[in-house]
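Listed below, chain by chain, are the residues.
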Amino acid sequence: MEFFLDTANLDQIREINDLGLLDGVTTNPTLMSREGGDWREQASLICDLVEGPVSLEVIGTTHEEMIKEAKDLVSFGPNVVVKIPMIPEGLMALKELTERGIKTNVTLVFSPTQALLAAKLGATYVSPFVGRLDGLSQSGMEGVEQMRTIFDNYGYSTKILVASVRHPLHVLDSGLIGADVVTLPYATIMQLMKHPLTDSGLAAFLADWEAFQQGK
Ligand code: E4P
């Protein structure tokens, strides 16, 4: 399973990269605006820092605007993936970007049939937002499971990128379902590493060793 970091923050990206866990980065207008400053400079720094794919999202809502922005976004680096919203105009843009060989990530996907349309039009990634669905008492992961079945039934190569992840159980379920990628907030990646029994076990080992050394 690939791990992407869902952030536009350079310190977080550096830290997870140093841990060897960074396969790529996803951003969105909210995450970009959180960092403040010049978004172009920020996007360029992220693309330089990250070896893997970096999703940068368009702001336009017509397919003409999206295509224009996509052409600009890909100039930030060879690893740019253009993030397109799952709306009819987005699908029109997706078709053209696929034909031009530009990598795409269809975002704001909330149903398996939306994912099917994106896969049919050649999206590189499709991003089901599981946490936001869970917040409405609908199972986000159930939709991901159905997407996996549909993509496998028809041999679509579109990767399922589980997004809007809220906790480690979303990662566990993604792994069990066979999702290709999870994009995680920094805090969730850190949570994945932690277990109280690891901490108490290590403390006990070190204390026993210290006592043994002092008894020599
Ligand atoms: C995905 O690419 C999005 O940036 C992100 O996962 C959205 O998650 P949120 O529901 O936490 O905003």
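Here is a short report on the structure shown in this document. Note that the structure is a prediction, hence the values are computed from the model and not measured.

1. Some thoughts on the site of the ligand
In the vicinity of the ligand, the residues found are Asp6, Thr26, Asn28, Lys83, Phe129, Arg132, Ala163, Ser164 and Arg166. The side chain of Asp6 places a nitrogen or oxygen atom 2.6 Å from an oxygen atom of the ligand. Within the backbone of Ser164, a nitrogen or oxygen atom sits 2.7 Å from an oxygen atom of the ligand. Among the residues making up the shell around the ligand, the classes are represented as 2 nonpolar, 3 polar and 4 charged.

2. Focus on the nonpolar core
Formed by 53 residues in total, the largest nonpolar core has its most connected members in Val25, Ile46, Leu56, Val82, Val144, Ile160 and Val162. The element that contributes the greatest number of residues to this core is helix 8 (residues 140–154), accounting for 5 residues. Excluding anything up to four places from it in sequence, Ile46 contacts Ala8, Leu10, Ile13, Val25, Thr27, Met32 and Val54. Within the second largest apolar cluster, 5 residues are counted, among which are Phe4, Val81, Tyr125 and Val181.

3. Some thoughts on the sheet that holds strand 2 (residues 24–26)
One closed barrel accounts for 8 strands, arranged 1-2-3-4-5-6-7-8; its pairing is parallel. Between one strand axis and the next, the sheet turns by 30° as a mean value, whatever way the strands run. One ladder, built from 4 bridges, connects strand 3 (residues 54–57) with strand 4 (residues 80–85); its direction is parallel. Bridging across to strand 4, Val54 finds its partner in Val80. Against the sheet, helix 6 (residues 112–120) makes contact with strand 5 (104–109) and strand 6 (125–128), and its axis sits at roughly 165° relative to strand 5, the strand it touches most. Lying over the sheet, helix 8 contacts strand 5, strand 6 and strand 7 (159–162), oriented at roughly 170° with respect to strand 7.

4. Observations concerning the pairing of strand 3
Neither face of strand 3 is open: one carries Val54 and Leu56, the other Ser55 and Glu57, and all of them are buried. Pairing of strand 2 with strand 3 involves 2 bridges; the strand directions are parallel. Its bridge partner lying in strand 3, Thr26 is registered against Ser55. Viewed along the sheet, the connection from strand 3 through helix 4 (residues 63–73) into strand 4 turns out right-handed.

5. So, the packing of aromatic side chains
Counted by the stated rule, this structure contains 6 aromatic pairs. Where Phe151 meets Tyr156, the ring centres are 6.0 Å apart and the plane angle is 80°; that geometry is what we call edge-to-face. Note on Phe151: relative accessible area 1%, which makes it buried. Overall, the relative accessible area of 23% leaves Tyr156 in the partly exposed class. Aromatic ring contacts, followed pair by pair, group Phe151, Tyr154 and Tyr156 into a single cluster.

6. Considering helix 3 (residues 39–49)
All of the buried residues in helix 3 are Gln42, Ala43, Ile46 and Cys47. In an axial view of helix 3, the angular spread of the buried residues amounts to 130°, which keeps them on one side of the axis. In helix 3, the exposed positions that point more than 90 degrees away from the buried face belong to Glu41 and Asp48. The inward-facing, buried residues of helix 3 abut helix 1 (10–18), strand 2, helix 2 (29–35), strand 3 and strand 4.

7. What about the environment of Leu45?
Within the secondary structure, Leu45 is located in helix 3. Considering only alpha carbons, one finds Leu45 and Glu69, 24 residues apart in sequence, at a separation of 18 Å.

Here is what the cut-offs are and how they apply
- Residues numbered from 1 in each chain as written.
- Predicted model: local features only at pLDDT ≥ 70, side-chain atom pairs only at ≥ 80, totals over all residues.
- Heavy atoms only, no water.
- Near = heavy atom within 4 Å.
- Polar contact = N/O pair within 3.5 Å; in protein donor to acceptor, adjacent residues only side chain to side chain.
- Nonpolar A, V, L, I, M, F, W, Y, C, P; charged D, E, K, R; others polar.
- Core = buried A, V, L, I, M, F, W, Y, C linked by side-chain atoms within 4.5 Å.
- Buried < 20%, exposed > 50% of the residue type's maximum accessible area, 1.4 Å probe, protein only.
- Helix = DSSP H or I, 4+ residues; strand = E, 2+ residues; numbered from the N terminus.
- Contact = heavy atoms within 4.5 Å.
- Pairing = 2+ DSSP bridges.
- Axes fitted to C-alpha atoms, helices over the stretch in contact; angles between N-to-C directions.
- Right-handed = clockwise from strand over helix to strand, strands pointing away.
- Phe/Tyr/Trp six-rings, centres within 6.5 Å; stacked < 30°, edge-to-face > 60°.
- Arc of directions from axis to C-beta.

Shape descriptors only; they carry no functional weight alone.
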